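Understanding the architecture of this molecule
Residue strings, one per chain:
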Amino acid sequence: MIWKMPPRIKVLEAEGCLADHRIKIVDQTDEKVKANVLSSSKEKTYNVYFYPQINAIWADDNGSKWRGYLGYPSIALLMLLNKIKYNLNISQALKNIEWKKINTLNKGDYSKTEMFVKDKLGKEGRITSGEIDDEINSVLEQIKYLEMRKPGGA
């Protein structure tokens, strides 16, 4: 079974995760890569497993477990492993964003969170809304092309 496409905001969360150095590969073999991802609130650690030989990935974040889409911890690991190309400048602009806090303030409305982040970064002169849209579209297209599977047909 192939993962559902993630909400757009998950691309930005993944890039912020990389910029914040909240992802760490803890085990790597030819069959499996295991990483731990610290949440933006630093309250949770997610486990991510990538199985390159069968093009499968699994993670225990809420989006992956309960909604069936490829969550930001998985996207971040695929970026770290160079399976998904991303813009380092945009990633750095997303450093230190408190995603959980912003999502909670927006009552889980990811489009409002995306607009908030775009507005914040635009006002700070770090990155434009158009550059963010281009980045999200590029990453989502790569995710679609990868057709990442759930291990064991889960």
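Above this text you will find the structure in question.
The notes below deal with the structure included here. Remember, it's a predicted structure, so these values are computed and weren't measured experimentally. (Residues numbered from 1 in each chain as written. Predicted model: local features only at pLDDT ≥ 70, side-chain atom pairs only at ≥ 80, totals over all residues. Heavy atoms only, no water.)

A few words on the sheet that holds strand 3 (residues 45-51). Taken together, the four strands give an open sheet; going across it, the order is 1-2-3-4, and neighbouring strands pair in antiparallel fashion. Each edge of the open sheet carries a strand with a single partner, namely strand 1 (23-28) and strand 4 (56-59). Between one strand axis and the next, the sheet turns by 20 degrees as a mean value, whatever way the strands run. Sheet topology note: the strand 3/strand 4 ladder contains four bridges and is antiparallel. Bridging from a neighbouring strand, Y51 pairs with A56 of strand 4. (Pairing = 2+ DSSP bridges. Helix = DSSP H or I, 4+ residues; strand = E, 2+ residues; numbered from the N terminus. Axes fitted to C-alpha atoms, helices over the stretch in contact; angles between N-to-C directions.)

For strand 2 (residues 33-38) and strand 3, the ladder comprises six bridges, and the chain directions are antiparallel. Across the sheet, the residue bridging to K34 is Y49, located in strand 3. Hairpin connection, strand 2 to strand 3: the antiparallel pair is bridged by six residues, and K42 has positive phi, about 65 degrees. Here strand 3 folds back onto strand 4, and the loop between the two strands holds four residues, one of which, N55, carries a positive phi near 55 degrees.

This part takes up the packing of helix 1 (residues 9-19) against helix 7 (residues 129-146). The interhelical angle for the contact between helix 1 and helix 7, taken along N-to-C directions, is 95 degrees, at an axis separation of 9 Å. Between helix 1 and helix 7, the angle is such that the two are roughly perpendicular. Seen from helix 1, the contacting residues are V11, L12 and E15; seen from helix 7, they are I132, E135, I136, V139 and L140. Class assignment for the residues of the contact of helix 1 with helix 7 results in six nonpolar, no polar and two charged. (Parallel < 35°, antiparallel > 145°, perpendicular 65-115°, else oblique. Contact = heavy atoms within 4.5 Å. Nonpolar A, V, L, I, M, F, W, Y, C, P; charged D, E, K, R; others polar.)

Next up on the list: the packing of aromatic side chains. On inspection of all chains with the given rule, the structure shows two aromatic pairs. Ring centres 6.3 Å apart and planes at 90 degrees place the aromatic pair Y46 and Y72 in the edge-to-face group. Of this pair, Y46 sits in strand 3 while Y72 is found in helix 3 (residues 72-80), placing the two residues 26 residues apart along the sequence. Aromatic pair Y49 and W58: ring centres 5.8 Å apart, planes at 45 degrees, arrangement tilted. (Phe/Tyr/Trp six-rings, centres within 6.5 Å; stacked < 30°, edge-to-face > 60°.)

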